[in-house]
Amino acid sequence: VQLQASGGGLVQAGDSLRVSCTISGRASSTDSFGWFRQAPGKEREFVAAIRWSSRSTYVEDSLKGRFTISRDNTRSTVDLQMNSLKPEDTAVYYCAAGGWIIMSQRSNPNLYSYWGRGTQVTVSS
């Protein structure tokens, strides 16, 4: 499985941005996809996850209402729509993939087997 994140950039506070993870070589057993982010000097943190087969989603509580995750079978992408962006959302955003991961454990990065290179999102105040 190869993952390629794209769509990052420099935006202003309050703007929206969509980052995409393009997936290649996915087997049917690769069913869980997640987005994580890492700000300078901070640990990597969970953002959102989606199950490819059922489209069930899980968004970090603090980001609910602003961030939405979805998948597009035609484009083979997992997209993260980010609205009302804040300067504290500035980070490198990474997409990850793994097998079947139970919903309650989807925030654990150790359960994801595949990682793409990140895309930088910078939100100016």
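In this report, we go over the structure that sits alongside the text.

Criteria and cut-off values
Residues numbered from 1 in each chain as written. Predicted model: local features only at pLDDT ≥ 70, side-chain atom pairs only at ≥ 80, totals over all residues. Heavy atoms only, no water. Phe/Tyr/Trp six-rings, centres within 6.5 Å; stacked < 30°, edge-to-face > 60°. Helix = DSSP H or I, 4+ residues; strand = E, 2+ residues; numbered from the N terminus. Buried < 20%, exposed > 50% of the residue type's maximum accessible area, 1.4 Å probe, protein only. Salt bridge = Lys/Arg side-chain N within 4 Å of Asp/Glu carboxyl O.

1. Focus on the packing of aromatic side chains
Turning to step 1, where the next piece is worked out: Overall, the coordinates contain 6 aromatic pairs when judged by the stated rule.
Turning to step 2, where the next piece is worked out: Between the aromatic rings of Phe36 and Phe46, the centroid separation amounts to 5.5 Å while the plane-to-plane angle is 75°, which identifies the pairing as edge-to-face. With Phe36 in strand S4 (residues 32-38) and Phe46 in strand S5 (residues 45-51), this pair connects stretches of sequence that are 10 residues apart. With respect to class, Phe36 is no different from Phe46; both count as buried.
Turning to step 3, where the next piece is worked out: Their ring planes at 80° and their centres at 5.3 Å tell us that Phe36 and Tyr112 sit as a pair that is edge-to-face.

2. Points about the pattern of salt bridges
Should their charged atoms come close, side chains of opposite charge can pair.
Turning to step 1, where the next piece is worked out: A complete count under the given rule lists 7 salt bridges for this structure.
Turning to step 2, where the next piece is worked out: Here Arg75 and Asp79 are joined by a salt bridge, their closest N and O atoms 3.0 Å apart.
Turning to step 3, where the next piece is worked out: Looking at Asp79, the relative accessible area reads 4%, which means it is buried.
Turning to step 4, where the next piece is worked out: Residues joined in a network through salt bridges with shared partners are Arg37, Glu45, Arg66 and Asp89.

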